[in-house]
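Listed below are the residues making up each chain.
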Amino acid sequence: MAPKYTLTYFNGRGRGEIARLIFAAAGVNYVEKRLEFSEWPAIKQSTPWKSLPILEVDGVVLGQSLAVSRFLAREFGLQGKTNVEQALVESAAEASIDLYGDYFPILFENDEKKKTEMTEKYVNQTAPAVLKNLEEFLSSNKNGDGFFVGQSLTWADLSMLYAVDQPVSMKVEMSGFQKIMAHRKRIESLPKIAEYLKIRPTTPF
């Protein structure tokens, strides 16, 4: 009998989106629970790390977004073909996290002056530096015209697909990162991913 998966996260993309993209790419059904922020305090203490997302697999509860993503990638063959590929996949995926890890504090900052300063730093320093490294990494594999690692889709590609949404939404100048933008277009046009993106709810983050 196939495992039963239940993914719980807030009603937004955030740190739960890579797991959702992995499920979509694999074509695997799962139960999705989207929480409003007001619902979080009631269940927080029952979660393994007092954070979301959590993934329930046949009654076992897994926490931490990267651990969940790695687990699902292994479950569905999206982790890389060899140990070396897996390490490269994980390094690319973890690097891409900087694009949204530094974005969320800006999104939820209430002090307008501080928000403006944080935005300027993200747009002019943080995002361009991360994107430059990712562009070089992508270009090192088949001249950047395929996938981030190897010759097939991995969760590094899915992580990057989500992560690049943040600099695009923040109006970061992307003309210097043409390989990344072409990669984004390729991945979002994959049939299962395109189908998922078409029905994905519109949320604030």
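Structural data are supplied above this passage.
Residues numbered from 1 in each chain as written. Predicted model: local features only at pLDDT ≥ 70, side-chain atom pairs only at ≥ 80, totals over all residues. Heavy atoms only, no water.

Caption draft 1: Representation of unusual backbone geometry within the structure. Here the residue pair L52 and P53 is connected by a cis peptide bond, since its omega of 10 degrees sits within 30 degrees of zero. Mapped onto the secondary structure, P53 falls in the loop between α2 (40–44) and β3 (54–57). Located in the positive-phi region is K50, a residue other than glycine, with phi close to 55 degrees. You can see K50 is positioned in the loop between α2 and β3. Even without glycine at this site, N143 takes up a positive phi of about 60 degrees. Secondary-structure assignment places N143 in the loop between α6 (112–139) and α7 (155–163). (Helix = DSSP H or I, 4+ residues; strand = E, 2+ residues; numbered from the N terminus.)

Caption draft 2: Representation of the pairing of β3 within the structure. Summarising the sheet, strand β1 (residues 5–10) and β3 pair through 4 bridges and their orientation is antiparallel. Paired with T8 across the bridge in β3 is I54. From the end of β3 to the start of strand β4 (residues 60–63), which pair antiparallel, there are 2 residues, and D58 there has a positive phi angle of about 50 degrees. (Pairing = 2+ DSSP bridges.)

Caption draft 3: The arrangement of α7 in detail. Burial runs high along α7: 9 of the 9 residues are buried. Burial in α7 covers these residues: W155, A156, D157, L158, S159, M160, L161, Y162 and A163. (Buried < 20%, exposed > 50% of the residue type's maximum accessible area, 1.4 Å probe, protein only.)

Caption draft 4: Main features of the side chain of E135. With respect to the element layout, E135 can be found in helix α6. Summary of buried charges: E135 has no salt-bridge partner, and the nearest side chain of opposite charge, K179, is 6.9 Å away. For E135, the side chain forms a polar contact with the main-chain nitrogen of Q178, separated by 3.4 Å. Excluding its chain neighbours within four sequence positions, the residues that come into contact with E135 are G176, F177, Q178, K179 and I180. (Lys, Arg positive; Asp, Glu negative; His and termini not counted. Salt bridge = Lys/Arg side-chain N within 4 Å of Asp/Glu carboxyl O. Polar contact = N/O pair within 3.5 Å; in protein donor to acceptor, adjacent residues only side chain to side chain. Contact = heavy atoms within 4.5 Å.)

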